[in-house]
Amino acid sequence: MKKKYIIVLAIFALSLSACSEFMDEVPSTEYTEEMVFTDAALAQAYVTELYNNIKHGAKEHTLDGLTDDAYFTHNYGQKAVNEAAAISESTLEWFNNDNCPFKWEHRYKGIRHANLLIANLSKVPEKTGYDINRMIGEAYYLRAHMYHELVRGFGGVPIIDKAYTIDEINDMQIPRNNVGECLDFIVKDLDEAAKYLPAVVEDSHYGRVTKYVAVGLKARILLHIASQLYADRTINTLPVNQFNGDRNDLYRRARAAAIEVIENGPYKLIDCSAGTNVERAELFKAIITDKKNSEQMFVRSFGIESGEENRMGLWHGPNGYRNWAGTTPTQDLVMAFEFEDGSMPQGMTQPGDFVVGNPYNGREARFYATVATDGNNWGRPRGADGKVYDPTPLGQLQSGFYELSEGGTGIDVELPNKTTISFQGIAGVDTRKGPIEDWNGSWTGYYERKLIDCAVDAQYYRQEVPWTFMRLAEMYTIAAEASIELGELEEGAKWLDVLRARVGNVDTKTAIAKQGKQFNQADLRDFVRHERRVEFAYESNRYFDVRRWMIADQTNNKPLMGILVVGRLKPGQTAGRPYIHDEEKYEYTYYVQGLGNENRKWDNKLYFAPITREERRRNPALVQNPGLE
């Protein structure tokens, strides 16, 4: 009989300090299954390694590049999906990327490990310093998390609740369960996890899941399956992807779970309402960039010396700092942020639209936390090669073209209407014509700020910013959305008002009135969807939201747009090198420009992801999602 081996990558050590990550890795070691489940320390290491099967989004490629919120600068992997090209079971593009959170092969490998743990952890002998019950709870939670990702990506999937051996391969060839059965299985796992998991964990175990993380994930998946996509019978024509139960019951259960977390969990919304909108922005941004705070529910921590790295500053930051500008904000996202009084910006939504004067002044705090625009302070001085172009102490983004009275060169700027203006000046250091790295740089004219510790010299160093899988704000939006879908509008507005007040925004009724809308279900439905978009921008939510709401035919059919900034000297003003942003000296014009990098269009087949041809060959019982054969 062949022995079965487990590769244990992460050995958990009680000596880790509170500032260390429990996911720190050491060289791998082989152990047989029999060995692992006779020692609590090895079992704990196996559970710890299971966390690596939950895929975080701190990568160069992100799910947001597949939405109307962002464009992936380097145009590989995601372009074909955004253009609704020949995506199929044999042409997978992004869907076969290792960073895809619902990649079939990887999630089912993780599920097999979870099944092994669930089947064997109760046999592990007790050992001082190790909590077997918590390990059991973690295994149930992590299995549920992987299934929830599969369901959000593919719809109904096969439920496999045991670790099959090679001799049982034929037993694995089972058809897809429908989404209702998958939902029941996930909820059952989460309820089981909650029985074993503690409400809080000590600092040395920070990042491990708790009881209220399980309750929070239950709220998320219940809301997800209650949504329109799973009730539709015109576009969602595959029975395994259709929910046939009581959607209102799902909304009620989702709201109840979210409220349980809000009212009984150990978390607290962080008050970001003090000071100017820019000061509030920094408080809001810290919710994401802090290593630990009261709003985080489930995060993946990163060190700066060992283990998996977080290089979001390098991957997404400005090219004038020798970063790569990987995922950049679109004009469409920029226009989604309110002004401080609750009104929405007007115009600037079509190529060729333009405005003279800064269109970003007076926006709500979350805008400045999320998007970096021309003239913004980045947060650290330039490197030696950049200071000659930008000597400001915190680095001012230069993503436009600027006139100089001396020291410039001939600049030709083609406007969106195809006319060209010429003057003596310079191309900003953070443009694709900049003097440091003209091959990296944002096409959209904007840079992402939210996930980046801007004080870190990202060209050389990692950042310690965690990846947030779940935070308390999501529970407020779940309670609000479920209430609105149930027709309980005042209840929905109540939860939104708490969330909005913590960043200094006006209440829901005031904002809706400012936007010319009514306090009715249809307008509140749009409002809560807008709230989720701006609150969770770049946290990998929008990809799933536009699908479950069935609005991707609107959001993903829009042309890709960015901004072109031109700064001309006002009459009587002079300026030489180095250029410094100055609204007293310069008249800035902001032109919306269409970007031909991606010809975005939507195909309804992309509401669900393709199952690979290889998986269907291995399991002939798998039915492909419609249009993806």
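Provided above is the structure to which this section pertains.
A quick note: this is a predicted structure, and the numbers were derived from the prediction, not measured. (Residues numbered from 1 in each chain as written. Predicted model: local features only at pLDDT ≥ 70, side-chain atom pairs only at ≥ 80, totals over all residues. Heavy atoms only, no water.)

**Q** Quick one: what's the story with the environment of leucine 595, residue by residue and with numbers?
**A** Within the secondary structure, leucine 595 sits in the loop between β14 (586-594) and α20 (613-618). Each C-alpha atom of the pair leucine 595 and leucine 560 lies 5.5 Å from the other, and the pair is 35 residues apart in sequence. (Helix = DSSP H or I, 4+ residues; strand = E, 2+ residues; numbered from the N terminus.)

**Q** I'd love a proper account of the pattern of salt bridges, names of residues and values included.
**A** What the rule picks out here adds up to 57 salt bridges. Notably, a salt bridge pairs arginine 208 with glutamate 138, separated by 2.9 Å at the nearest N-O pair. Of this pair, arginine 208 sits in the loop between α6 (179-196) and α7 (211-226) while glutamate 138 sits in helix α5 (residues 132-154), and the two are 70 residues apart along the sequence. Each member of the pair arginine 208 and glutamate 138 is classed as buried. Several salt bridges converge on common partners, so that one network encompasses Glu295, Glu338, Glu364, Arg366, Lys450, Arg471, Arg500, Arg502, Glu531, Glu535 and Glu539. (Salt bridge = Lys/Arg side-chain N within 4 Å of Asp/Glu carboxyl O. Buried < 20%, exposed > 50% of the residue type's maximum accessible area, 1.4 Å probe, protein only.)

**Q** Give me empty space enclosed by the protein: which residues, what numbers.
**A** Following the criterion strictly, the structure yields eight cavities of 30 Å³ or more and no others. By volume, the largest cavity is sized at about 260 Å³. Along its surface, the largest cavity is lined by 25 residues, and Glu149, Trp467, Phe469, Glu539 and Ser540 are the ones closest to its centre. Per-element accounting of the lining of the largest cavity gives the leading share, five residues, to strand β12 (residues 467-471). Among the residues making up the lining of the largest cavity, the classes are represented as eight nonpolar, nine polar and eight charged. (1 Å grid on protein atoms, 1.4 Å probe; cavity = no way out; pocket = protein on both sides within 12 Å on 5 of 7 lines; lining within 4 Å. Points joined across faces, edges and corners; volume = space filled by probe spheres on them. Nonpolar A, V, L, I, M, F, W, Y, C, P; charged D, E, K, R; others polar.)

**Q** If you had to explain helix α8 (residues 247-264) to someone new, which residues and values would you point to?
**A** Spanning 18 residues, α8 covers 25 Å between terminal C-alpha atoms, matching the ideal 26 Å at 1.5 Å per step. Tucked inside the fold, the buried residues of α8 contact α6, α7, β4 (296-300), α14 (472-485) and α15 (489-501). Where α8 begins, the side chain of aspartate 246 points an oxygen toward the backbone nitrogen of asparagine 248, at a separation of 3.0 Å. (Expected span 1.5 Å × (residues − 1). Contact = heavy atoms within 4.5 Å. Polar contact = N/O pair within 3.5 Å; in protein donor to acceptor, adjacent residues only side chain to side chain.)

**Q** Hey, could you go over unusual backbone geometry for me, with residue numbers and the actual values?
**A** That bond from arginine 577 to proline 578 is cis: its omega, -10°, falls within 30 degrees of zero. As for its position among the elements, proline 578 is in the loop between β13 (561-569) and β14. The residue lysine 418 is not glycine, and still its phi comes out positive at about 75°. Looking at where lysine 418 falls in the secondary structure, it is placed in the loop between β9 (409-414) and β10 (420-427). You will see that methionine 550, though not glycine, has its phi angle at about 60°, which is positive. Along the chain, the position of methionine 550 falls in the loop between α18 (542-548) and α19 (552-555).

**Q** Break down the packing of aromatic side chains for me, citing the residues and quoting the values.
**A** For the structure on display, the rule yields 29 aromatic pairs. Geometrically, the ring pair formed by phenylalanine 354 and tyrosine 591 is tilted, given 5.6 Å between the ring centres and 35° between the ring planes. In this pair, phenylalanine 354 is assigned in strand β6 (residues 354-356) and tyrosine 591 in strand β14, connecting sequence segments 237 residues apart. By relative accessible area, phenylalanine 354 is classed as exposed at 53%. Taken together, the ring pairs connect Phe95, Phe102, Trp104, Tyr108, Tyr147, Phe154, Phe185, Tyr543 and Phe544 into an aromatic cluster. For arginine 363, the ring lying beneath its charged end belongs to phenylalanine 339, and the centroid distance is 5.3 Å. Above the face of the phenylalanine 367 ring, arginine 363 is positioned so that its terminal group lies 5.1 Å from the ring centre. (Phe/Tyr/Trp six-rings, centres within 6.5 Å; stacked < 30°, edge-to-face > 60°. Lys NZ or Arg CZ within 6 Å of the ring centre and 35° of its normal.)

**Q** Tell me what's going on with the side chain of glutamine 398, and back it up with residues and numbers.
**A** If you trace the backbone, glutamine 398 turns up in the loop between α13 (384-387) and β8 (401-403). Separated by 3.2 Å, the side chain of glutamine 398 and the backbone nitrogen of valine 429 make a polar contact. In this view, glutamine 398 contacts Asp374, Arg382, Tyr389, Asp390, Gly428, Val429, Asp430, Thr431 and Tyr579; residues no more than four positions away in its chain are not counted.

**Q** Outline the environment of alanine 45, listing residues and values.
**A** Turning to its location among the elements, alanine 45 is positioned in helix α2 (residues 40-50). Here the alpha-carbon distance between alanine 45 and leucine 314, two residues 269 residues apart in the chain, equals 31 Å.

**Q** How would you sum up the packing of α2 against α5? Please name residues and give values.
**A** At a closest axis distance of 10 Å, the pairing of α2 and α5 adopts a crossing angle of 20°. If you check the angle between α2 and α5, you find them roughly parallel. You can see that α2 and α5 cross each other, and the crossing is left-handed. Facing α2, whose interface residues are Ala40, Ala43, Gln44, Val47 and Leu50, α5 presents Ile132, Met135, Glu138, Ala139, Leu142 and Met146. Partitioned by chemical class, the residues of the contact of α2 with α5 number nine nonpolar, one polar and one charged. (Axes fitted to C-alpha atoms, helices over the stretch in contact; angles between N-to-C directions. Parallel < 35°, antiparallel > 145°, perpendicular 65-115°, else oblique. Left-handed = near helix turned anticlockwise from the far one by under 90°.)

No statement about biological role is implied by the geometric values presented.
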